[in-house]
Amino acid sequence: MLTFYLLPDDAPRPSRMRLDELPKAGELSAEDFAELQTQRIIESRLDYDQDFRWSNGVAQMKLQLLLHRHPQLRPDGVSTPEQRLLVLLLNASAADSGLLAVALEA
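Below is a summary of the structure that appears in this document. (Residues numbered from 1 in each chain as written. Predicted model: local features only at pLDDT ≥ 70, side-chain atom pairs only at ≥ 80, totals over all residues. Heavy atoms only, no water.)

### Re the packing of helix α2 (residues 56-69) against helix α3 (residues 81-95)
At a minimum axis distance of 9 Å, the contact between α2 and α3 shows a crossing angle of 140 degrees. The orientation of α2 relative to α3 falls into the category oblique. Two packed elements cross with a definite hand, and for α2 against α3 that hand is left-handed. Seen from α2, the contacting residues are A59, Q60, K62, L63, L66 and L67; seen from α3, they are E82, L85, L86, L89, L90, A92 and S93. Looking at the contact of α2 with α3, its residues break down into nine nonpolar, two polar and two charged. (Axes fitted to C-alpha atoms, helices over the stretch in contact; angles between N-to-C directions. Helix = DSSP H or I, 4+ residues; strand = E, 2+ residues; numbered from the N terminus. Parallel < 35°, antiparallel > 145°, perpendicular 65-115°, else oblique. Left-handed = near helix turned anticlockwise from the far one by under 90°. Contact = heavy atoms within 4.5 Å. Nonpolar A, V, L, I, M, F, W, Y, C, P; charged D, E, K, R; others polar.)

Rendered as structure tokens:
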């Protein structure tokens, strides 16, 4: 599972032992990640098994892109990859924060 944590842009990346101190924004499965890459919402250069970080600005751009491509999208009933991504991007937007994606072993 790829877990997304809220992390302010000016904050350093915490060690794995301190991740539980960060607010969790949401999670994406490998299938969700692949589907969102197919739609070109998540960059093809990113790897599901590698940690990465999106700044607040990048998270905002992704939110706008997602809503542009799926204008009917709502955060309730998180049953699709798009809805799950929407919720975590909305969490980042509400916190005015960037996101840290961490690939956690199952």
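### Notes on the environment of S93
Secondary-structure assignment places S93 in helix α3. The exposure class of S93 is partly exposed, given its relative accessible area of 28%. Note: C-alpha distance between S93 and L63 (30 residues apart in sequence) is 8.5 Å. For S93, the residues in contact, after removing those within four places along its chain, are Q60 and L63. (Buried < 20%, exposed > 50% of the residue type's maximum accessible area, 1.4 Å probe, protein only.)

### With respect to the sheet that holds strand β3 (residues 52-54)
The four strands are arranged β2-β1-β4-β3 in an open sheet whose pairing can be described as antiparallel. Strand pairing shows two members of the sheet lacking a second neighbour, β2 (24-28) and β3, which therefore form its edges. Going from strand to strand, the sheet's axes swing by 25 degrees on average, the running direction of each strand aside. With six bridges joining them, strand β1 (residues 2-7) and strand β4 (residues 98-103) adopt antiparallel strand pairing. Within the sheet, the bridge partner assigned to L6 lies in β4 and is L99. Sheet strands touched by α3: β1, β2, β3 and β4. Its angle to β2, the strand with the most contacts, is close to 160 degrees. (Pairing = 2+ DSSP bridges.)

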